[in-house]
Amino acid sequence: MNNEIYIGCDDSGYEMKLEVIEHLKNEGFTVVDCGSDDRPSRYPYFAAKVASAVSTGKTNKGIIICGSGIGVSIAANKFKGVRAAAICDSYSAKLTRRHNDSNVLCLGGRMLGKWAVLEIVDVWLATEYDGGHHDGSLNLLNEIENVTMTGKIWCPDQIPYDQFEWNSEQKI
């Protein structure tokens, strides 16, 4: 596991970013702080710094914090290969890693307390991607990116339900 984590925030996530950085360093991670500080700022700049590092392979995981986690997730998902998820609880953190192989964790600095955020970070970092059944969905996401990032529209004529295997006894 790569122990380098890129982290960024806007002013709404600054205080929480400091808590997460301290926690990550105590856990043995190398942290690359992409900004911002507590001065008024716009989240897309800092989301882009983290997302581009993931997209280009400088790191395999990033964390971005804004007021809600939603804005930074929207911005980060504009980058090829980034699967950013806005998360508010540890169960969702586990699922987004297991099922979606998320590589950018987006958090709300004004929505969650320190201990909830640190638990989410720990669960997200410790959870591995399940693969298997979920690979088909990730392959489709890659296909969408490969088409839409060239300026075209991805819209299959027919959804191939006959190719979709589902086991109703599958557990989350």
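Residues numbered from 1 in each chain as written. Predicted model: local features only at pLDDT ≥ 70, side-chain atom pairs only at ≥ 80, totals over all residues. Heavy atoms only, no water.

Chemist: How should I be thinking about the nonpolar core in this particular structure?
Modeler: Burial of nonpolar side chains together is a common tendency in soluble globular proteins. By size, the foremost hydrophobic cluster in this structure holds 24 residues, and its most contacted members are Val-20, Leu-24, Ile-63, Ile-65, Leu-105, Leu-107 and Val-121. For this core, the secondary-structure elements that each account for two or more residues are β1 (4-9), α1 (14-26), β3 (62-66), β5 (104-108) and α5 (114-126). Among the elements that take part in this core, α5 stands out by supplying 6 residues, more than any other. (Core = buried A, V, L, I, M, F, W, Y, C linked by side-chain atoms within 4.5 Å. Buried < 20%, exposed > 50% of the residue type's maximum accessible area, 1.4 Å probe, protein only. Helix = DSSP H or I, 4+ residues; strand = E, 2+ residues; numbered from the N terminus.)

Chemist: Explanation requested: the sheet that holds β3 in the structure shown.
Modeler: Whenever strands of a sheet pair, they do so through backbone hydrogen bonds, lying parallel or antiparallel. Spatial strand order, β2-β1-β3-β5-β4: 5 strands in an open sheet with parallel pairing. Bordering the open sheet on either side are β2 (30-33) and β4 (84-86), each of which pairs with just one other strand. Looking at each pair of strands side by side, their axes are set apart by 20° on average, direction ignored. Pairing geometry for β3 and β5, over 5 bridges, is parallel. Opposite Ile-64, over in β5, you have Cys-106 as the bridge partner. Across the face of the sheet, α1 comes into contact with β1, β2 and β3 while running at roughly 170° to β1. Sheet strands touched by α5: β1, β3 and β5. Its angle to β5, the strand with the most contacts, is close to 170°. (Pairing = 2+ DSSP bridges. Axes fitted to C-alpha atoms, helices over the stretch in contact; angles between N-to-C directions. Contact = heavy atoms within 4.5 Å.)

Chemist: Where do I start with the packing of α1 against α5 in this structure?
Modeler: To describe two helices that pack against each other, one gives the angle between their axes and the distance between the axes. Interaxial distance between α1 and α5 falls to 10 Å at its minimum, and their mutual angle equals 50°. Taken together, the axes of α1 and α5 lie oblique to each other. For the pair α1 and α5, the crossing hand works out as right-handed. Along its contact with α1, which presents Met-16, Glu-19, Val-20, His-23 and Leu-24, the element α5 presents Lys-114, Val-117, Leu-118, Val-121, Asp-122 and Leu-125. (Parallel < 35°, antiparallel > 145°, perpendicular 65-115°, else oblique. Left-handed = near helix turned anticlockwise from the far one by under 90°.)

Chemist: In this structure, what is going on with the pairing of β3? I would like to understand it.
Modeler: A regular strand places its side chains on the two faces of the sheet in alternate fashion. A large share of β3 lies buried, amounting to 5 of its 5 residues. A two-sided burial pattern is seen for β3, the buried positions comprising Gly-62, Ile-64 and Cys-66 on one face and Ile-63 and Ile-65 on the other. As paired strands, β1 and β3 are joined by 4 bridges and run parallel to one another. If you follow Gly-8 over to β3, its bridge partner there is Ile-64.

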